[in-house]
Amino acid sequence: MNDTAVTTTPDGRTIGGVLMEMKHITLRFGGVEAIKDISFDIREGEIRAIIGPNGAGKSSMLNIISGFYVPQEGEVWFRGVKRPPMKPFQVAKLGIARTFQNIALFDGMSVLDNVMTGRLTHMSSGLFGQALWWGHAQAEEVENRAKVERIIDFLEIQNIRKTPVARLPYGLKKRVELARALAAEPSLLLLDEPMAGMNVEEKEDMSRFILDVNDEFGTTIALIEHDMGVVMDISDRVVVMDYGKKIGDGTPDEVRANQDVIDAYLGVAHD
Amino acid sequence: MLYREAGDFKTTYVEDGQTFPLKLDRIGYWALLVVAFGVVPFIVNDYWANAALVPFLIYAIAALGLNILTGYCGQVSLGTGGFMAVGAYASYKLLTAMPWLPLPIAVILAGLVTAAVGVLFGLPSLRIKGFYLAVATLAAQFFLVWLFNKMPWFYNYSASGQITVPERSVFGIIVSGPLTSAPAKYLTCLSFLLVLGWLARNLTRGASGRKWMAIRDMDIAAEIIGVNPLAAKLTAFAVSSFFVGVAGALFFSVYLGAVEVGEAFGINKSFLVLFMIIIGGLGSIFGSLAGAAFMVLLPVFLKNVLVLHLGWPTDVATHLEVMIVGAMIIMFLILEPHGIAALWRVTKEKLRLWPFPH
Ligand SMILES: Nc1ncnc2c1ncn2[C@@H]1O[C@H](COP(=O)(O)OP(=O)(O)O)[C@@H](O)[C@H]1O
Ligand SMILES: [Mg+2]
């Protein structure tokens, strides 16, 4: 595949050119090499999975994309340009949103307020305008509230809108976190183990939401998952990591047939 | 089932975001305003103005300010007294340097000066958190009091080291100096509280408030949704210090008229305002007012009931006050971190269901 090729998936979605490219990334923590010279790309409109056993370096990879970690070596390219070192809040402004492996919601706020925070990158009224609740500030609030309500409907969490998130069960918290990320209308959505700790039914719901997001909004999604079965069903292409190295990269079928992957991953942590 | 929202449907997002979603609450609020502006000024006497109402109004402004920083943004500050002193001394320097400057303008400018000083002392908050930040603000508290004591320029080289407010009038009514009437003090402070309370409410229900609360609840997640932590913390320091500075300026220029910095704005003030927001409710506008009312009225109540009516010795009543406050702080910190405001909300939720228990 070359960088600009536009392809169509078997189910009729369009996959565009390269949106993000990681080039020869190496990340060390002291003496530990968490990521060793890994390169891969994410194409516009696709669902890209990163799988691998615990400690493989998957979360670290997402943390590099979102600006929490700075790799010792390698380059991050976004929309065809090399990205300079950036803070996470600057990355958010590029249109990259994410969820965390351990839920990172704002516990003191309601579901609605949590999801509203996802709109902050789209809100421009200043401190004075907000303090005086002037036309623009108020109009912006209402406009963004309307967008947030659409996300809330989409993820079917209308009835818990005003509930403090701290009171929600685990599965719903994961969904609210997804809602907050979606509220940003990201061009790239990063999901770190969105189905971890869920029961089968919740996993099915979440898979459906991920597919719907990709389908309806055309959002590019990079997701980490532990559960091989789910990943193979929903993703277009899969990167397989083990001990910080990339051991496979391709369509689910290609990856499934890869002997290294079978040896290193399927044999070991098939839970 | 009189107090309820049934039939009180919200059809727009503007309505849904109202300060008082229930009609009954709105009526109560407007009635309170009518009484506060239209009735109280005509009946208030010197004792009630000076012992209860004026200090309540001023501390409510300070508590709103500290609550924005600590309750909403999660940055603990023990420097409130010092920042009140900045407001007081800024208003003093402005009023004495510019004899034509109206008092309300001087108070607002003093708030802005305090906001700038607050931002300066807020800079370390990017690197240090929690306990260490509290200690840093404590250092600011002692430094500021020391500064105003040691630098004669701040008190215009007066022999006593005190600052004394020059007289000012608004619409022909004296609002500062020894000749100020009780209703004038009360109305000046009430007007400031009304406007600042409204500003605080607007800020905390909108995008700024969400940024602050995001930083408070989880700073890593706040960054990932695009909140610049330094900018969010510094705006909280600025807004908070503005409120506290206005409170300090009013405390000096309208309420007391003359102050000595260590006595009026010492570390005790910092703790007093902190206790107000803990007891009233962290992260709540109503809680700021409730906490200020509680801490101002408790000693007045104890003095009037225990000492004057029941004949208790004054020192026993004072000890009792300290014990009550101490017990309430421990109780609220352990059982209900959202203070009186949360108790009030629970009561209202029960009231909505009344007379059915569930
Ligand atoms: N902040 C950190 N400091 C030190 N070591 C870390 C840090 N984050 C991750 N690691 C290490 O990097 C390796 C990869 O971790 P991680 O990316 O979380 O793996 P995964 O998400 O694939 O389970 C692990 O050995 C982990 O201990
Ligand atoms: Mg992980």
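Residues numbered from 1 in each chain as written. Chains lettered and ligands numbered in written order. Predicted model: local features only at pLDDT ≥ 70, side-chain atom pairs only at ≥ 80, totals over all residues. Heavy atoms only, no water.

Within chain B one finds 16 helices and four strands. Computed over its C-alpha atoms, the radius of gyration of chain B comes to 21 Å, within 12% of the 21 Å expected for a compact globule of 358 residues. With the C-alpha coordinates aligned to their principal axes, the bounding extent of chain B is approximately 65 × 55 × 45 Å. Relative to its full complement of 358 residues, chain B shows a buried share of 50%. When contacts within chain B are restricted to residue pairs at least 6 apart in sequence, long-range pairs at least 24 apart make up 75% of them. When the 22 positive and 16 negative side-chain charges of chain B are each reduced to one mean point, those points stand 5 Å apart. (Helix = DSSP H or I, 4+ residues; strand = E, 2+ residues; numbered from the N terminus. Rg over C-alpha atoms; globule rule 2.2 N^0.38 Å. Buried < 20%, exposed > 50% of the residue type's maximum accessible area, 1.4 Å probe, protein only. Contact = heavy atoms within 4.5 Å. Lys, Arg positive; Asp, Glu negative; His and termini not counted. Charge placed at Lys NZ, Arg CZ, Asp CG, Glu CD.)

Residue and element names in this part refer to chain A. Domains assigned within chain A are domain 1 (1-95 + 186-271) and domain 2 (104-185). Across the contact, 21 residues belong to domain 1 and 13 residues belong to domain 2. Note on domain 1 versus domain 2: buried area summed over both sides is about 1,300 Å², and carbon and sulfur give 74% of it. Its salt-bridge partner being Glu156, residue Arg208 comes within 3.9 Å of it at the nearest N-O pair. For the interface between domain 1 and domain 2, the tally reads two residue pairs in polar contact (both at pLDDT 80 or more). If you list the elements that add at least two residues to the side of domain 1 that touches domain 2, you get α2 (88-93), β9 (188-192) and α7 (200-217). Broken down by element, the side of domain 1 that touches domain 2 gets its largest block of residues, nine residues, from α7. In terms of residue class, the side of domain 1 that touches domain 2 is built from 11 nonpolar, two polar and eight charged. (Domains from an automatic or database assignment. Buried area = accessible area lost by both parts, 1.4 Å probe. Salt bridge = Lys/Arg side-chain N within 4 Å of Asp/Glu carboxyl O. Polar contact = N/O pair within 3.5 Å; in protein donor to acceptor, adjacent residues only side chain to side chain. Nonpolar A, V, L, I, M, F, W, Y, C, P; charged D, E, K, R; others polar.)

What follows covers the coordination of the magnesium ion (ligand 2). Each protein donor to the magnesium ion (ligand 2) is listed here as Ser59 of chain A (OG) and Gln101 of chain A (OE1); together their distances run 2.0 to 2.2 Å. One end of the pair, Ser59 of chain A, is in helix α1 (residues 58-65); the other, Gln101 of chain A, is in the loop between β8 (96-99) and α3 (111-117), and 42 residues separate them in sequence. (Donors = N, O, S within 2.8 Å, 3.2 Å for Na, K, Ca; no water.)

Residues and elements named next belong to chain A. Reading across the sheet, the four strands line up as β4-β3-β6-β7 and stay open at both edges, with antiparallel pairing between neighbours. Either end of the sheet is taken by a strand with one partner, and the two such strands are β4 (32-43) and β7 (81-82). Strand direction decides the pairing type here: strand β3 (residues 18-29) and strand β6 (residues 73-78), joined by five bridges, are antiparallel. Note on β6: the bridge partner recorded for Thr26 is Glu73. (Pairing = 2+ DSSP bridges.)

Each strand in a sheet pairs with its neighbour through backbone hydrogen bonds, running either in the same direction (parallel) or in the opposite one (antiparallel). All names here are of chain A. What the six strands build is an open sheet, ordered β8-β9-β10-β5-β11-β12; its pairing is mixed. This sheet does not close on itself; its edge strands, each paired only once, are β8 and β12 (245-250). With direction set aside, neighbouring strand axes in the sheet form an average angle of 15 degrees. Bridging between β8 and β9 involves four bridges; their strand directions are parallel. Of the residues in β9, the one forming a bridge with Arg98 is Leu190. (Axes fitted to C-alpha atoms, helices over the stretch in contact; angles between N-to-C directions.)

Right, let's talk about the pattern of salt bridges for a bit. Opposite charge on two side chains permits pairing when their charged atoms draw close. All names here are of chain A. This model, assessed by the stated rule, comprises 24 salt bridges over all chains. For Glu75, the salt bridge identified is with Lys82, shortest N-O distance 3.5 Å. Under the relative-accessibility criterion, Glu75 is labelled partly exposed at 29%. Among the residues examined, Lys82 registers a relative accessible area of 47% and is labelled partly exposed. Linked by salt bridges that have partners in common, Asp41, Glu46, Arg48, Arg237, Lys246 and Asp249 make up one network.

A word on the packing of helix α4 (residues 46-72) of chain B against helix α11 (residues 229-256) of chain B. Residue and element names in this part refer to chain B. Two elements in contact, α4 and α11, have axes separated by 6 Å at closest approach and are oriented at 165 degrees. Put simply, α4 runs roughly antiparallel to α11. Crossing angle aside, the handedness with which α4 passes α11 is left-handed. Here Asn50, Val54, Pro55, Ile58, Tyr59, Ile61, Ala62, Leu64, Gly65, Leu66, Ile68 and Leu69 of α4 come into contact with α11, specifically with Ala236, Phe237, Val239, Ser240, Phe243, Val244, Val246, Ala247, Leu250, Phe251 and Tyr255. (Parallel < 35°, antiparallel > 145°, perpendicular 65-115°, else oblique. Left-handed = near helix turned anticlockwise from the far one by under 90°.)

Next up on the list: the pairing of β3 of chain A. The two faces of a sheet get side chains in turn, since along a regular strand they alternate between them. All names here are of chain A. Bridge count between β3 and β4: eight bridges; the pairing is antiparallel. Each bridged residue has a counterpart across the sheet, and for Met22 the counterpart in β4 is Phe40. Remark: two residues form the turn of the hairpin made by β3 and β4, two consecutive strands paired antiparallel; Gly30 in that turn has positive phi of roughly 60 degrees.

As a further point, take the layout of surface pockets. Residues and elements named next belong to chain B. Considering only enclosed or pocket space, the second largest pocket measures out at about 530 Å³ in volume. Tyr59, Leu272, Met295, Pro299 and Glu321 are the residues nearest the centre of the second largest pocket, which is lined by 24 residues in total. Top element by residues in the lining of the second largest pocket is helix α13 (residues 267-280). It accounts for six residues. Here the lining of the second largest pocket is built from residues that sort into 17 nonpolar, three polar and four charged. (1 Å grid on protein atoms, 1.4 Å probe; cavity = no way out; pocket = protein on both sides within 12 Å on 5 of 7 lines; lining within 4 Å. Points joined across faces, edges and corners; volume = space filled by probe spheres on them.)

On to a nonpolar patch on the surface. Residue and element names in this part refer to chain B. Taken together, Phe301, Val305, Leu310, Trp312 and Val316 make up a surface patch of nonpolar side chains, about 450 Å² in accessible area. Position of Phe301 among the secondary structure elements: in helix α14 (residues 285-309). A relative accessible area of 51% means that Phe301 is categorised as exposed. (Patch = residues over 30% accessible without salt bridge, like charges linked within 9 Å, V, L, I, M, F, W, Y side chains within 5 Å. Areas by Shrake-Rupley, 256 points an atom, 1.4 Å probe, with all protein chains shown as cover.)

Once that is clear, we can look at the nonpolar core. Counting 111 residues, the largest nonpolar core has Ile61, Trp212, Phe243, Leu250 and Phe265 of chain B as its most contacted members. Look past the residues within four positions of Ile61 of chain B in its chain and what remains in contact with it is Cys189, Phe192, Leu193, Leu196, Phe243, Val246, Ala247 and Leu250 of chain B. Listed in part, the 36 residues of the second largest apolar core include Ile160, Ala184, Met195 and Met198 of chain A. (Core = buried A, V, L, I, M, F, W, Y, C linked by side-chain atoms within 4.5 Å.)

Next up on the list: unusual backbone geometry. Residue and element names in this part refer to chain A. Positive phi is not limited to glycine here, since Glu156 has a value of about 55 degrees. In this structure Glu156 comes out as partly exposed when scored by relative accessible area, which is 42%. At Tyr243, a position not held by glycine, the phi torsion is positive, near 45 degrees. Relative to the helices and strands, Tyr243 resides in the loop between β11 (237-242) and β12.

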